[in-house]
Amino acid sequence: MTIAAGIIYPTGQGVEFYGFQAMGYYLKRFLLYYADYPWSIRLLYGLIMACILTMMVVFVLFMRKIRQNRKANKAYNAARKQLYNGFYSILISADKPDGTTLEQACGMSLHQILSYKPQILSRLISEICMDLSRELSNIPNADALCALTGVKAYYERNLATKHLVMSTLQNIANMHIPVNEGLLAIYLNNYDLPIRHISRVCHIIASSAEPYRYFKEELDDDLGIWYKMVLHHLFAWAQANNRQMPQFLVVAKELHNADSAAFLIQETTYYGTEQEKASLHKLFLSPNLKYRRAALHAVAILRDASQEQAAIDSYDHQPEPIRQEVLRTVYAINSGKHTEFFVDAFRKSTSKVTREVALTSLYTYGKDGRRTFELLREKYIKANTDRTLMDQIDSLAVLQQMRSL
């Protein structure tokens with residue numbers, strides 16, 4: 001578009017200016033118009049004009065973004081309507097799909113499927129995988145489907161061009177898609193901490209030679225809940241696909257970060273070897289209290305009666321918070337052999353919380369536990385001591401039973 005300005009002289013002759021000459025003409029007119037004003041007024045007028053122009057530009061960009069989002073959502077909704085059921089059946093299928101299988105599942109040709117942008121297909125596959133992850137620890141065909149639809153190539157192109165790196169790495173980690181290790185290399189030591197963390201998760205998925213190369217270094221950092229959830233999900237995928245698993249207790253002993261070590265000890269419950277699970281009792285008297293609590297919690301989840309006596313034997317050597325964990329562990333194992341252990345804990349402890357845990361555990365520790373609780377209550381009611389505590393435990397148990405009906 002050509003910008004023109006003109007001046008008409010009294011003789012009827014005129015001159016026209018185009019392009020930058022016209023812009024210069026109007027700028028001079030503006031400056032001359034305010035030439036008689038003080039410099040502060042001219043500055044304020046200039047700032048006002050700059051703000052108006054800025055708001056106009058921002059408004060145009062904002063409207064453009066809204067239009068782009070609406071267009072993208074419309075395309076996504078169309079793809080979801082046509083492809084969701086087909087993609088879902090492919091993802092949960094026990095057989096590895098090919099192009100023909102994908103066409104039959106979706107009821108349309110591969111060319112029509114690929115007519116959708118990879119960003120749209122990526123969003124759809126990621127959504128389905130997130131829904132399935134609530135039920136399945138391993139989604140068998142996520143990698144195959146992404147390869148067939150061009151989504152995997154799209155992810156690799158993003159990593160190569162450093163485009164949408166964080167969201168790409170998150171999708172790769174959540175769907176457990178192995179990509180070329182060379183594409184991850186530039187992100188493994190990235191200055192951006194979240195990118196470095198998630199790229200190393202992706203490295204575990206991609207590498208078959210040395211998947212846990214950065215594992216110890218990562219765990220010695222302060223990790224958030226989200227990262228631990230990703231690792232838990234990753235271990236489930238690795239176990240389901242017969243991938244190499246880390247030695248949880250060995251790595252835990254080498255870590256300086258106690259929280260990460262406690263996390264690994266608890267992960268032993270789900271993904272450790274039988275030998276690792278059977279040796280958890282060795283940590284019941286660890287110098288680190290977090291390790292003791294994690295090991296007791298792991299044994300409670302496993303309900304391993306072979307380690308129950310070790311927990312009971314450690315009770316007298318524990319501080320009060322860990323004693324409460326021991327009581328919960330014995331209650332969770334629920335062998336029915338240690339009613340007197342709860343009674344002794346109740347009688348000897350000076351901690352109100354420990355006494356409450358002991359009585360609460362005793363109340364639902366089988367028929368013998370309930371009978372012993374009633375005998376204790378009768379005895380203490382007559383003595384008029386701890387009557388309120390026992391009545392509260394009884395009331396709470398009754399209320400819980402009513403809620404479960």
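These figures come from a predicted structure and were not determined experimentally.

Some thoughts on the packing of helix H2 (residues 39-92) against helix H3 (residues 99-106)
- It is at 8 Å that the axes of H2 and H3 come closest, and there the two elements cross at 130°. With respect to each other, H2 and H3 are oriented oblique. At the point where H2 passes H3, the crossing takes the right-handed sense. Contacts between H2 and H3 pair Gln 82, Leu 83, Gly 86, Phe 87, Ser 89 and Ile 90 from the former with Thr 101, Leu 102, Ala 105 and Cys 106 from the latter.
- For the contact of H2 with H3, the class distribution of residues is six nonpolar, four polar and no charged.

Looking at empty space enclosed by the protein
- Under the defined criterion, the tally for this structure stands at one cavity of 30 Å³ or more.
- Counted as a void, the largest cavity has a volume near 50 Å³.
- Forming the boundary of the largest cavity are Arg 200, His 203, Ile 204, Pro 211, Arg 213, Tyr 214, Phe 215, Glu 218, Tyr 227 and Leu 231.
- Among the elements of the structure, helix H10 (193-206), helix H11 (215-219) and helix H12 (225-240) are those that each provide at least two residues to the lining of the largest cavity.
- Here the element with the most residues in the lining of the largest cavity is H10; it accounts for three residues.
- Among the residues making up the lining of the largest cavity, the classes are represented as six nonpolar, one polar and three charged.

A closer look at H3
- Structurally, the start of H3 carries an N-cap: the backbone nitrogen of Thr 100 is 3.3 Å from a side-chain oxygen of Asp 98.
- One or two residues past the end of H3 sits Gly 107, with phi positive at roughly 70°.

A closer look at the nonpolar core
- By size, the foremost hydrophobic cluster in this structure holds 98 residues, and its most contacted members are Leu 83, Phe 87, Phe 215, Leu 231, Leu 264 and Ile 265.
- In terms of residue count, the dominant contributor to this core is H12 (eight residues).
- Residue contacts for Leu 264: discarding those within four places in its chain leaves Phe 215, Leu 219, Phe 248, Val 251, Ala 252 and Leu 255.

A look at the side chain of His 176
- Along the chain, His 176 turns up in the loop between helix H8 (165-175) and helix H9 (181-184).
- Residues in contact with His 176, not counting those within four places in the same chain, are Ile 205, His 233, Leu 234 and Trp 237.

Overview of the pattern of salt bridges
- For the structure shown, the criterion picks out 13 salt bridges.
- With its nearest N and O atoms 3.4 Å apart, the salt bridge here joins Arg 293 to Glu 325. Linking Arg 293 in helix H16 (residues 289-302) with Glu 325 in helix H18 (residues 320-333), this pair joins segments that are 32 residues apart in sequence.
- For Arg 293, a relative accessible area of 36% corresponds to the partly exposed category.
- Glu 325 sits in the buried class, given a relative accessible area of 11%.

What counts and how
- Residue numbers here run from 1 along each chain, matching the order of that chain's written sequence.
- In keeping with the model being predicted, local features are shown solely for residues with a pLDDT of at least 70 and side-chain atom pairs are shown and tallied solely at 80 or more, while totals for entire chains, interfaces and linings include all residues.
- Just so you know, side-chain values use all the structure's heavy atoms and leave hydrogens and water out.
- Between the N-to-C directions of two axes lies an angle of 0 to 180 degrees, each axis being a line fitted to C-alpha atoms and, for a helix, fitted only over the stretch in contact.
- Every helix listed is a DSSP run of H or I at least four residues long, and every strand listed is a run of E at least two residues long, numbered separately from the N terminus.
- Put simply, angles under 35 degrees are roughly parallel, angles over 145 are roughly antiparallel, angles from 65 to 115 are roughly perpendicular, and the rest are oblique.
- Helix crossings fall into two classes, left-handed where the near helix is turned counterclockwise from the far one by less than a right angle and right-handed where it is turned clockwise.
- Residue contacts are counted whenever heavy atoms from the two residues lie within 4.5 Å of one another.
- In this count, Pro and Cys sit with the nonpolar residues alongside Ala, Val, Leu, Ile, Met, Phe, Trp and Tyr, while Asp, Glu, Lys and Arg are called charged and the others, Gly among them, polar.
- Using only the protein atoms, space was sampled on a 1 Å grid; points where a 1.4 Å probe fits but cannot get out form cavities, open sets with protein on both sides within 12 Å along at least five of seven lines form pockets, and lining residues are those with an atom within 4 Å of a point.
- Grid points are joined across faces, edges and corners, and a volume is the space filled by probe spheres set on the points.
- Counted as a polar contact is a pair of N or O atoms within 3.5 Å, where, for protein atoms, one must be capable of donating a hydrogen and the other of accepting one, and residues adjacent in sequence contribute only when both atoms are in side chains.
- The term nonpolar core refers to a set of buried residues drawn from Ala, Val, Leu, Ile, Met, Phe, Trp, Tyr and Cys, joined through side-chain atoms within 4.5 Å.
- Burial here depends on accessible area, computed with a 1.4 Å probe over protein chains only, as a share of the maximum for the residue type. Under 20% is buried, over 50% is exposed, and the range in between is partly exposed.
- By definition here, a salt bridge exists when the distance from a side-chain nitrogen of Lys or Arg to a carboxyl oxygen of Asp or Glu is within 4 Å.

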